[in-house]
Structures are given as C-alpha cells and as structure tokens.
Amino acid sequence: MDEQRETSATRNGRLILAVAVAALVLYQALAIFRYVTTHQADGDPLFADFYAFWSFGRFLHAHPAEQIYDFKLLQSVQHALTPGFHKFYPCVYPPTLLLFLGLLSLLGYLPAFAVWTAVGLVGFALAVGATERGARLPWLAVLAPTTILTIIFGQNGLITAALLIGGFRLMEKRPWLAGVLLGLLSCKPQIFVMVPLVLLAGRRWRPLASACLTVLALAATSVLVFGLDAWLTWLKAFPAFSRLVERDWSALGWLMPTVTAGLRGAGVSPPVFTAIQLVVAAVVVAVLLALFHRSRHRPAPGALDAAALQVGLFLTSPYAFIYDMPMVSAAAVTLAIVRMSPGQTWRPGEQVVALAAYCLPLIIFSEAFKAIPLGPIVLIAMFALLARAAWDVRASDAP
C-alpha cells in the first residue's frame, strides 16, 4: 500500500512538473514574441541594454579605453552608431570587461546579441545541471521568468549566474577551473566581492588561489592592452557614476529588489535606509562566513550554502537589478531539489517563500506591488530559509 501511494505521488509530481514546464515554455515564447512584435522603434534598438555593451566595444575601436569613462564623448559615439538613438548608457564596468566586449563588438549588433544570449543560456543550463541525464527540476531554473526578462533587457545576468553557480558546482572535482570561473566574475565587482571572503572562510585554498590568479591575469592583460590610465580613470569616475544613479533613480529604483531600493521607495529617509542596509549586510555576511567555515573540511560547500550566497548577494549590495536574478531563481530551485529528495520534506512556509523568490523578478516588473518593498522582504525570508536548511543539512551529515 505504501509503495502504491509513493508511486501515485511520484506520478502526480511528474505530471505537475510537466505542466509547470509547459506553462513556463509557453510564457517564455509569448513574452519574447510580444516584445519583438510590439517593440516601438523610437530610436531604441531591440534588447536595448545590450546596446550598451556592444557600443562600449565599438568605442574601443576608435578611441583610447580611458576615454570610455568620459560620459559626453561616449554618449556622442552611441548616438552616432545608431541615428535616432537619444538615450545614454554609461560604462560603469572595469577595464577587464572591455577585453571581452572589444572582441564581441567585431560582430554586428544582432549577431553579437545572439552570441551573448547563447553563451548565457548554455552556460546557465550547464551550471544548474539541466543538461545532465534525467534532470527535470533544474530546467525550472532555466525556464524561470527572470530568464526571459534578462534576455529582453539584453543584460548579463545569465552569464554572471553561470560563472558563480558553475564555479561552486565544479569546486569538488575541478577546484582550479572553479577558481577561474569565479575569478571571471571580477568583471562585475559587486557580484565578485563576497567570493574571496567565503572561499577564505571555507579554507578552500586552491579555488581561492585560482580565482586570485585569474583576477591578476585579467588586470595585467587589461593594463597591457589599454594602459594603466584606463584603471585610474575608472576609479576617478565613481562619483560621477553615483550622480547618474541619483539622477535616474525614479526610472531605475523600482527595478531593484535590494534593501536600499525597497526602503527608499517606501519613503524611508536616507540615514535610516543606509543604516538598515548596513545592518542587514553585516548579518548576511556573518551568516555566510559561518556557513562556509562550517563546511571547511569538505572539498566544496554544499548546494544550499552556495544558494544562500546567491541570494545573500542581493542583500549585501544596495544596487542590483531584476535582470541579475537568475541566480536567485536557481537558488529557489535548489531548495526544491533538496526538499523533494528522499528522506526530506518541505518545512512550513518554505514552498510559499521559494515560489515568491522564483517569481519575484516578474512580480516586480509587473509593478503590481510598486509601493511595497516586496523585494527585500522576499529575499530576506528566502535567505533565512536557505541558511537554516544549509545548517540543518550539515548537522545531519555530521558524524
């Protein structure tokens, strides 16, 4: 009788999963179709944010790299590249990313976008294990709503998620390669900043050494190619970056799920939301360091440890966008995989919070809860659940 009930439950679970996958595939197809067919030319290219990355590479073909942080010059180049384009995308990235963008921009705009998207999708699918034989649940990460939003925006969220998740996934068997992937994340410093800290806390010396060597190699190559002035100009441009964010906050703030953005949108004063952001970040960093230190005797952190980091990054940084959130959707799927494995069961509230985190980018983008700081509420709850689950799993594995 028990075996019959288990078989029936397994069949029902597979049916629900199949329906969910079909619905997500349909949603992705309809979303991209609707975007392409309703896109208004008005000077904006398709997948508009990718125009920023492509134009940065094009800029390098005609100007010294350090001049890319001259906003007026960069704006004039972007307008000249596409007649009728009147917006401006500043380059806030370090010179290391320019190494890749210079090569990518050798292609035309849409071919370059196709390569960019293919690298992100394939890398993300490999990182979450969707391509492994018999894998079903990992496909939910690839088909999450944030995937199509990232593609439509033309952003790099799939690539950064692939590097972060793939780095920790490979760490047990290929620690040096894992470090290379994590080191490549330094092209996006706000994502990379926690990586060496958790590797150090976990005493994972080979991935840490590999990541540091990768960062040094990227930096040295960028200096050889672009010169030291590119780095000095990038550092000097930080105040100007901050002013641009402040100027465009009304257009950008609601797309951020962070503590700072949520509290600021709710009308909290700057001293208060800054203090709360610092406190939340300090707590998250302390929890992550404790989790990774606890597993220091293992060759790699557990999947839930890495998932907690994926969510925690959005709580430690005041600036992160919904198109950076494929790693959050993947973290929600990781919790589902653990809880649906033999001997495991969902705890009260976990399913609701995991579903909310999985759908959070779409909920924010819909503007249905624009006046409520839903992003940080869901992310804090999700981080707490992942941290507790990771701690419990380690406790049950202890001799």
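Bear in mind that the values here come from a model prediction, so they are computed numbers and not experimental data.

Novice: Give a description of the pattern of salt bridges that names residues and reports values.
Specialist: Summed over the entire model, instances satisfying the criterion amount to seven salt bridges. Its salt-bridge partner being R169, residue E132 comes within 2.5 Å of it at the nearest N-O pair. Here the residue E132 occupies a position in the loop between helix 5 (109-128) and helix 6 (138-142), and R169 occupies one in helix 8 (residues 157-170), the gap between them amounting to 37 residues. Between D392 and R347 there is a salt bridge; the shortest N-O distance is 2.8 Å. Taken as a pair, D392 in helix 21 (residues 374-397) and R347 in the loop between helix 19 (326-339) and helix 20 (350-365) lie far apart in primary sequence, 45 residues in all.

Novice: Now, about the packing of helix 2 (residues 48-60) against helix 4 (residues 95-104): what can you tell me, with residues and values included?
Specialist: Interhelical geometry of helix 2 versus helix 4 gives an angle of 90° and a closest axis separation of 7 Å. Between helix 2 and helix 4, the crossing angle belongs to the class labelled roughly perpendicular. When helix 2 is examined against helix 4, the residues F50, F53, F56, G57 and L60 are found in contact with a partner set consisting of L97, L98, L101, G102 and L104. Of the residues contributing to the contact of helix 2 with helix 4, the split by class is eight nonpolar, two polar and no charged.

Novice: Can you explain the packing of aromatic side chains? Please cite residues and give values.
Specialist: A complete count under the given rule lists 23 aromatic pairs for this structure. Look at W54 and Y109: their rings are 5.5 Å apart centre to centre, the planes differ by 80°, and that puts the pair in the edge-to-face class. Of this pair, W54 sits in helix 2 while Y109 is found in helix 5, placing the two residues 55 residues apart along the sequence. Overall, W54 belongs to the buried group, its relative accessible area being 9%. Look at Y109 and you get buried, because its relative accessible area is 14%. Ring geometry for W231 and W234: centres 5.6 Å apart, planes at 85°, overall edge-to-face. Here W231 pairs with W234, and both are found in helix 13 (residues 228-236), just three residues apart, close to one helical turn. Each member of the aromatic cluster is reached from another via a ring pair, and the members are F47, F50, Y51, F53, W54, F56, F85, Y89, Y93, Y109, F113 and W116. Above the face of the W391 ring, R294 is positioned so that its terminal group lies 3.8 Å from the ring centre.

Novice: Provide a residue-level description of the state of the cysteines, including the pertinent values.
Specialist: Inspection of the entire model under this criterion finds zero disulfides. Between C212, a free cysteine, and C187, which holds the nearest cysteine sulfur, the sulfur-to-sulfur gap is 15 Å. Among the residues examined, C212 registers a relative accessible area of 39% and is labelled partly exposed.

Novice: Describe helix 5, listing the residues and the values that go with them.
Specialist: When the terminal C-alpha atoms of helix 5 are compared, their 29 Å separation across 20 residues agrees well with the 28 Å that a helix rising 1.5 Å per residue should span. For helix 5, every residue scored as buried is listed here: Y109, A112, F113, W116, T117, G120, G123, F124, A125, A127 and V128. Of the surrounding secondary structure, the elements contacted by the buried residues of helix 5 are helix 2, helix 4, helix 6, helix 7 (145-153), helix 8 and helix 19. Once helix 5 finishes, G129 follows within two positions and takes phi at roughly 85°, a positive value.

Novice: I'd like to hear about unusual backbone geometry, residue by residue, with values.
Specialist: The backbone of F47 shows a phi angle near 55°, a positive value even though the residue is not glycine. Along the chain, F47 falls in the loop between helix 1 (2-38) and helix 2. According to the relative accessible area criterion, F47 is buried, its value standing at 7%. Positive phi is not limited to glycine here, since R203 has a value of about 55°. Looking at the secondary structure, you find R203 in the loop between helix 11 (195-201) and helix 12 (205-226). By relative accessible area, R203 is classed as partly exposed at 46%.

Novice: So, the side chain of T150: which residues are in play, and what are the values?
Specialist: Residue position: T150 is located in helix 7. Among the polar contacts made by the side chain of T150, one reaches the main-chain carbonyl oxygen of Y323 at a distance of 3.2 Å. Beyond its immediate stretch of four places on either side in the chain, T150 contacts Q155, G157, L158, Y323 and P326.

About the cut-offs
Residues numbered from 1 in each chain as written. Predicted model: local features only at pLDDT ≥ 70, side-chain atom pairs only at ≥ 80, totals over all residues. Heavy atoms only, no water. Salt bridge = Lys/Arg side-chain N within 4 Å of Asp/Glu carboxyl O. Helix = DSSP H or I, 4+ residues; strand = E, 2+ residues; numbered from the N terminus. Axes fitted to C-alpha atoms, helices over the stretch in contact; angles between N-to-C directions. Parallel < 35°, antiparallel > 145°, perpendicular 65-115°, else oblique. Contact = heavy atoms within 4.5 Å. Nonpolar A, V, L, I, M, F, W, Y, C, P; charged D, E, K, R; others polar. Phe/Tyr/Trp six-rings, centres within 6.5 Å; stacked < 30°, edge-to-face > 60°. Buried < 20%, exposed > 50% of the residue type's maximum accessible area, 1.4 Å probe, protein only. Lys NZ or Arg CZ within 6 Å of the ring centre and 35° of its normal. Disulfide = S-S within 2.5 Å. Expected span 1.5 Å × (residues − 1). Polar contact = N/O pair within 3.5 Å; in protein donor to acceptor, adjacent residues only side chain to side chain.

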